[in-house]
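Below are the chains, spelled out letter by letter.
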Amino acid sequence: MTSDKIIDHLFRHEYGKMVSSLTRIYGIQNLELIEDAVQDTFKKAVLYFRNHSLPDNLQAWLRTAVKNRAIDLFRKAATHKKYDQASGPGFMSMSEVFSDHEIEDNQLRLLFTICHPGLKTKDQIIFALKSFSGFSITEIAGALLLDKENVKKTLQRARKKLQRDPIAFQVPTGAAFNERIDVVHLAIYLLFNEGFHSSGKDSLIRKDLVAEALRLGGLLLDKFKEHETSALMALMCFHAARLNAKIDDEGNLIKLKYQDRKRWNYQLVWKGHLHMEHAVETKIFTRFHYEAAIAGEYVMAENFDQINWRKLENYYTHLIRIHSTPLNILNLAVIQHQSMESDKALKTISKIQPFQLKGKEHLYHAVLAEIQMALQNYEAAQAEIEHALALVQNQSERKLLTENYENIKSGIVTK
Amino acid sequence: MKEYMMVFLGPDYGEDGMGLSAEQIQQRMGKWFAWHEKMEKQGIVKGGEALHAHGKRISGPDRIVTDGPSAASKELIGGYYVITAESMEEAMKVAEDFPDYDLGSTVEVREVMKFEGM
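Since this is a predicted model, take the numbers as computed values, not measurements.

## Quick look at the packing of helix H2 (residues 31-48) of chain A against helix H3 (residues 58-76) of chain A
Residue and element names in this part refer to chain A.
Okay, step 1: Where H2 meets H3, the closest approach of the two axes is 9 Å, and the angle between their N-to-C directions is 130 degrees. Looking at the two axes, H2 sits oblique to H3. Every pair of crossing elements has a handedness; the one defined by H2 and H3 is right-handed. Residues Leu 33, Ile 34, Asp 36, Ala 37, Val 38, Asp 40, Thr 41, Phe 42, Lys 44, Ala 45 and Tyr 48 of H2 touch H3, and the partners they reach there are Trp 61, Leu 62, Ala 65, Val 66, Arg 69, Ala 70, Leu 73 and Phe 74.
Okay, step 2: Classifying every residue of the contact of H2 with H3 gives 14 nonpolar, 1 polar and 4 charged.

And the structure:
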């Protein structure tokens, strides 16, 4: 085995597998010590292989090393006691918890435990990235645009919470399962959005977050086959398909209309489509169903002019019924405007206030400007676009707004 | 043929040093392995080991004991190799492949003193 044959992300993926399996034995209250053991083993591996040849099965080598390291650390720890009772139902030996089938179940146990109802969603994400996905504190800080100290403190708080207010290291059943899987879905979706939506971040890390969210969703889907998970997967696939095309060479956002469709990943579009087929085999449609349907309509239309605005309006109306957010309402107004129903759009946008779109206030004014323009209220349109220009930060968006502004001014002259 | 020691200086990889992630550690491993393999093929490796962080220093007539450089210190010695080379220039050429320059780490190349005929 040569160095370039080491499997992609082997260490990162092994990290979560090892941590979850050791947690099955030693209990969630010992998470910190467990993570130390895993981290330590990886560090030792890199030093060891400076002057040894790589084993044929690096994965097996790492697992053996981490088992030994964990036993060692727990032996040394002053709090040495019988750990096999701390882990909840049934004692399992080291070799049992490291069997392939058990590893998968343990990963899900860890994921559901991290999505502890007592933790904030943002904290759950940080926690999951560290303990489940094997990101370092520096990487998490970079990916979520947070201070390193901030990340450290969040992790300490989360671990303490699990010590003070322990929940069983297992996937809940019955009604509790339905409640918790909602939390897990939301955490995965937010993780995805962190990777997908920001343009200011390092593009490699951004792709890693997107890939990690898809990996977690896939793990969940394989095990539980929930329709809602399929809808979430479809949604993420449809969005992710556009990841390469939505940022220009200078790192600026490109609007959907101007994206180069040749740069979309049609394999992901197809995957999303397959997930969608499974997602709709139910009577209960969730926000993810409608959001996936919307994202799907955008990527499956052959070009921007082929987009079916009527369908989109219908999806948004349903979505707002179960998940009403200012941004969804603004989007509905955009759709109605696009399908030449600017009166309706004006009514829709009047239901929200610009301040509700924190950080995106300029969008409210830009959309309202276009609606007023279509309704031939040129002065109102001019006032709105001036407002938007005063608020916009992003350079490429500013450029687009300026062009619109010129159009409106010439509209005033010719009216 | 002369012998040279390459001493590696830079913070520890662990959480109290550079805080490398699993992903980064894997990358490092690949790079170190490739370098070692290259040197082995050339048949120039005489020996070498990696060192733990958190050592002790003993100094002066009173044998004062202090902690070694911290894991985060740029002066921390992380390991060494002894290689054979024709000249300092050639040894420095070998040291060009040291994998951790991008992390800000340093290699010190020193000729091993030989006492032939003593």
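## Quick notes on the nonpolar core
Okay, step 1: A:Phe11, A:Leu22, A:Phe42, A:Ile349, B:Met6 and B:Trp35 are the most contacted members of the largest nonpolar core, which has 140 residues in total.
Okay, step 2: Setting aside residues up to four positions removed in sequence, A:Phe11 forms contacts with A:Phe42, A:Leu58, A:Leu62, B:Ala22, B:Ile25, B:Gln26 and B:Met29.
Okay, step 3: In this structure, A:Ala366, A:Ala369, A:Leu401 and A:Tyr405 belong to the second largest nonpolar core, which totals 10 residues.

## Considering the interface of chain B and chain A
Okay, step 1: Contacts between the two partners involve 29 residues from chain B, matched on the other side by 32 residues from chain A.
Okay, step 2: A buried area of about 2,400 Å², summed over both sides, lies between chain B and chain A, and 61% of it is on carbon and sulfur atoms.
Okay, step 3: When the area that chain B buries against chain A is broken down by residue, the three leading residues are B:Gln26, B:Met29 and B:Phe33, summing to 29%.
Okay, step 4: Scanning the region where chain B abuts chain A turns up 2 salt bridges.
Okay, step 5: A:Arg12 serves as the salt-bridge partner of B:Glu23, at 3.4 Å between the closest nitrogen and oxygen.
Okay, step 6: Breaking the side of chain B that touches chain A down by element, the ones donating at least two residues are helix H1 (22-42), strand S2 (45-50) and strand S5 (77-85) of chain B.
Okay, step 7: With 13 residues, the top contributor of residues to the side of chain B that touches chain A is H1(B).
Okay, step 8: When grouped by side-chain class, the residues that make up the side of chain B that touches chain A number 12 nonpolar, 11 polar and 6 charged.

## Considerations on the side chain of A:Ser21
Okay, step 1: Along the polypeptide, A:Ser21 turns up in helix H1 (residues 10-26).
Okay, step 2: When residues no more than four places from it in sequence are discounted, the contact partners of A:Ser21 are A:Val97, A:Phe98, A:Ile103 and A:Asn106.

## Thoughts on the confidence of the model for chain B
Okay, step 1: With 98% of its residues at a pLDDT of at least 70, chain B reaches an overall mean of 92.
Okay, step 2: The ipTM, which scores confidence in the relative placement of chains, is 0.73 for this predicted complex, and the corresponding pTM is 0.79.

## Some points on the environment of B:Lys38
Okay, step 1: Tracing the chain through its elements places B:Lys38 in helix H1.
Okay, step 2: C-alpha of B:Lys38 to C-alpha of B:Ala53: the two residues are 15 residues apart in sequence and 27 Å apart in space.

## So, the packing of aromatic side chains
Okay, step 1: Evaluation of the coordinates by the stated rule reveals 21 aromatic pairs over all chains.
Okay, step 2: Seen from their ring centres, A:Phe304 and A:Trp309 are 5.7 Å apart, and the 65 degrees between their planes marks the pair as edge-to-face. A:Trp309 shares its class with A:Phe304; the two are buried.
Okay, step 3: Chaining the aromatic ring pairs together yields one cluster made of B:Phe8, B:Trp32, B:Trp35, B:Tyr81, B:Phe98 and B:Tyr101.
Okay, step 4: The ring of A:Phe135 has A:Arg12 lying over it, and the distance from NZ or CZ to the ring centre is 4.0 Å.

## With respect to the pairing of S5(B)
Residue and element names in this part refer to chain B.
Okay, step 1: Both strand S1 (residues 2-9) and S5 contribute to a ladder of 8 bridges, which runs antiparallel. Pairing of Phe 8 across the sheet is with Gly 79, part of S5.
Okay, step 2: By the bridge criterion, 5 bridges tie S2 to S5 in an arrangement that is antiparallel. Within the sheet, the bridge partner assigned to Glu 49 lies in S5 and is Tyr 80.

## Section: helix H2 (residues 88-95) of chain B
Since the α-helix packs 3.6 residues into each turn, any two residues three or four apart lie on the same face.
All names here are of chain B.
Okay, step 1: Within the span of H2, buried status applies to Ala 91, Val 94 and Ala 95. Taken around the axis of H2, the buried residues stretch over an arc of 100 degrees, which confines them to a single face. In H2, the exposed positions that point more than 90 degrees away from the buried face belong to Glu 89 and Lys 93.
Okay, step 2: For H2, the elements touching its buried residues are S1, H1, S5 and strand S6 (106-111).

Rules and cut-offs
- Residues numbered from 1 in each chain as written.
- Chains lettered and ligands numbered in written order.
- Predicted model: local features only at pLDDT ≥ 70, side-chain atom pairs only at ≥ 80, totals over all residues.
- Heavy atoms only, no water.
- Axes fitted to C-alpha atoms, helices over the stretch in contact; angles between N-to-C directions.
- Helix = DSSP H or I, 4+ residues; strand = E, 2+ residues; numbered from the N terminus.
- Parallel < 35°, antiparallel > 145°, perpendicular 65-115°, else oblique.
- Left-handed = near helix turned anticlockwise from the far one by under 90°.
- Contact = heavy atoms within 4.5 Å.
- Nonpolar A, V, L, I, M, F, W, Y, C, P; charged D, E, K, R; others polar.
- Core = buried A, V, L, I, M, F, W, Y, C linked by side-chain atoms within 4.5 Å.
- Buried < 20%, exposed > 50% of the residue type's maximum accessible area, 1.4 Å probe, protein only.
- Buried area = accessible area lost by both parts, 1.4 Å probe.
- Salt bridge = Lys/Arg side-chain N within 4 Å of Asp/Glu carboxyl O.
- pLDDT = per-residue confidence, 0-100.
- Phe/Tyr/Trp six-rings, centres within 6.5 Å; stacked < 30°, edge-to-face > 60°.
- Lys NZ or Arg CZ within 6 Å of the ring centre and 35° of its normal.
- Pairing = 2+ DSSP bridges.
- Arc of directions from axis to C-beta.

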